[in-house]
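Architecture at a glance
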Amino acid sequence: METKDISKAVIKRLPRYYRYLGELLEEHVERISSNDLSKKMHVTASQIRQDLNNFGGFGQQGYGYNVKYLYKEIGKILGLDTVHPMIILGAGNLGQALANYSDFEKRGFKLVGIFDINPVLEGMAVRGIEIQMLSDLPFFLKETQVDIAILTLPKNKAKEMANILVENGIKAIWNFAHIDLDTPEDVIVENVHLSESLMALSYNIRQYRQEHDK
């Protein structure tokens, strides 16, 4: 399926479609119209139809969407029908919290390794996976298939580790470090800056209070 011309905005909405459809499946809903789905998604019915038409449409006029089928197809588009082995670099509070998040496995993301620089953590297990030292990372990557690396390191270590990941063939990095990584064009980086999200929330609170205090 050719997706190179599909906008980032559409791609960012796909996980939301997948999540809401999953909730509908849990509620034993068999089919849904674009109008009803729009109420749940807070996106117009027209936008939903346009989004899904990028990938073939999936709906039938007068019937709507088969929830189970659409859920399965969007999962395929997102690559969730494939197991993605992943590692975590940084076994602090955030790294261990991500390692303990069992829903990743339900989506096909399989944690295969955890690494840190602190020797006190070496050998400790998180959900049955022993923490290894970052010095062992190059050998591990040569011996183990890894699709995704999750960076939860301090920013002064993140750039160095990103270079090691790239040198060892990693093509996808989920970056929680407070730094924008400079990687080759063929390496995909998804940045998650938690403080920026919190500041955006702070701005919205401020705007709300200004509007309601008038």
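Because the structure is predicted, anything quoted here is derived from the model rather than measured. (Residues numbered from 1 in each chain as written. Predicted model: local features only at pLDDT ≥ 70, side-chain atom pairs only at ≥ 80, totals over all residues. Heavy atoms only, no water.)

1. A short note on the overall build of the chain
This is how the line gets drawn: Runs of H or I in DSSP of at least four residues are treated as helices and runs of E of at least two as strands, each being numbered from the N terminus. Any residue under 20% of the maximum accessible area for its type is buried, any over 50% is exposed, and the rest in between are partly exposed; the area is computed with a 1.4 Å probe on protein chains only. Note on contacts: a residue pair is in contact if any heavy atoms of the two residues lie within 4.5 Å. Only the protein chains shown count as cover for residues, and all accessible areas are computed by the Shrake-Rupley method using a 1.4 Å probe. Two residue types count as positive, namely Lys and Arg, and two as negative, namely Asp and Glu; His and chain ends fall outside the count. Each charge is placed at NZ for Lys, CZ for Arg, CG for Asp and CD for Glu.
Helix and strand counts for the chain come out as nine helices and nine strands. By principal-axis analysis of the C-alpha atoms, the chain measures approximately 60 × 50 × 35 Å. Considering the chain as a whole, with its 214 residues, one finds that 39% of them fall into the buried category. At a minimum sequence separation of 6, the contacts of the chain that also span at least 24 residues come to 57%. Working note: accessible area of the chain is about 13,400 Å², and carbon and sulfur atoms make up 50% of it. Each charge sign in the chain was given a centre, from 25 positive and 28 negative side chains, and these centres are 7 Å apart.

2. A closer look at the pairing of strand β4 (residues 109-116)
Worth spelling out the cut-off: For two strands to be treated as a pair, DSSP must find at least two bridges joining them.
Note: strand β3 (residues 84-89) against β4, six bridges, orientation parallel. In the sheet register, M86 faces β4, and the bridge partner there is L111.

3. Describing the pattern of salt bridges
Spelled out, the test is: Think of a salt bridge as a Lys or Arg side-chain nitrogen and an Asp or Glu carboxyl oxygen that are within 4 Å of each other.
The full count for this structure, using the stated rule, is eight salt bridges. Its salt-bridge partner being D103, residue K106 comes within 3.2 Å of it at the nearest N-O pair. Taken together, the residues K106 and D103, both in helix α6 (residues 103-106) and three residues apart, mark about one turn of the helix. When the shortest N-O distance is used, the salt bridge between R127 and E105 registers 3.4 Å.

4. Some points on the pairing of β3
Within β3, six of the six residues are buried, leaving the element largely enclosed by the surrounding structure. Burial of the side chains of β3 extends over both faces: H84, M86 and I88 are buried on one face and P85, I87 and L89 on the other. Sheet topology note: the β3/strand β7 (residues 148-151) ladder contains four bridges and is parallel. Residue pairing across strands places I88 opposite I150, the latter belonging to β7.

5. Re helix α8 (residues 155-167)
Put simply, the rule reads: Helix span, expected: 1.5 Å multiplied by one less than the number of residues in the helix. Each C-beta atom gives one direction from the helix axis, and the arc is the one those directions make.
In a regular helix each residue adds 1.5 Å, so 13 residues correspond to 18 Å; α8 covers 19 Å between its end C-alpha atoms and thus fits that length. Taken together, the buried positions of α8 are occupied by A158, M161, A162, I164 and L165. One side of α8 carries all its buried residues, which in axial view fall inside an arc of 165°. Pointing more than 90 degrees away from the buried face of α8 are the exposed residues N156 and E167. If you follow the buried residues of α8, they end up packed against β3, α7 (137-143), β7 and β8 (172-175).

6. Section: the environment of E105
Tracing the backbone shows E105 in helix α6. For E105, a relative accessible area of 44% corresponds to the partly exposed category. For the pair formed by E105 and H84, sequence separation is 21 residues and the distance between their alpha carbons is 9.2 Å.

7. Quick notes on the environment of D136
Along the chain, the position of D136 falls in the loop between β6 (129-133) and α7. Taking the relative accessible area as the measure of exposure, D136 reaches 33% and is therefore partly exposed. Along the backbone, D136 and D116 are 20 residues apart, and their C-alpha atoms lie at a distance of 9.8 Å.

8. Overview of the sheet that holds strand β9 (residues 188-191)
Cut-off, in case you're wondering: Interaxial angle, 0 to 180 degrees, is taken between N-to-C directions of lines fitted to C-alpha atoms, where a helix line uses only the stretch in contact.
Taken in spatial order, the seven strands of this open sheet run β5-β6-β4-β3-β7-β8-β9, and their pairing is mixed. Where the open sheet ends on each side, the last strands, each with one partner, are β5 (125-126) and β9. Along the sheet face, α8 touches β3, β7 and β8 and points at about 170° away from the line of β7.

9. Focus on the packing of helix α1 (residues 8-26) against helix α4 (residues 67-77)
As a reminder of what qualifies: By convention the crossing between two helices is left-handed if the near helix lies anticlockwise of the far one by an angle smaller than a right angle, and right-handed if it lies clockwise. Classification convention: Asp, Glu, Lys, Arg as charged; Ala, Val, Leu, Ile, Met, Phe, Trp, Tyr, Cys, Pro as nonpolar; all other residues, Gly among them, as polar.
In contact at an axis separation of 9 Å, α1 and α4 are set at 145° when each is read in the N-to-C sense. Regarding α1 and α4, the two cross each other, and that crossing is left-handed. Of α4, the residues touching α1 (which contributes L14, Y17, Y18, L21, G22, L24 and L25) are V67, K68, L70, Y71, I74, G75 and I77. Counted by class, the contact of α1 with α4 contains eleven nonpolar, two polar and one charged residues.

Interpretation in functional terms is not warranted from these geometric data alone.
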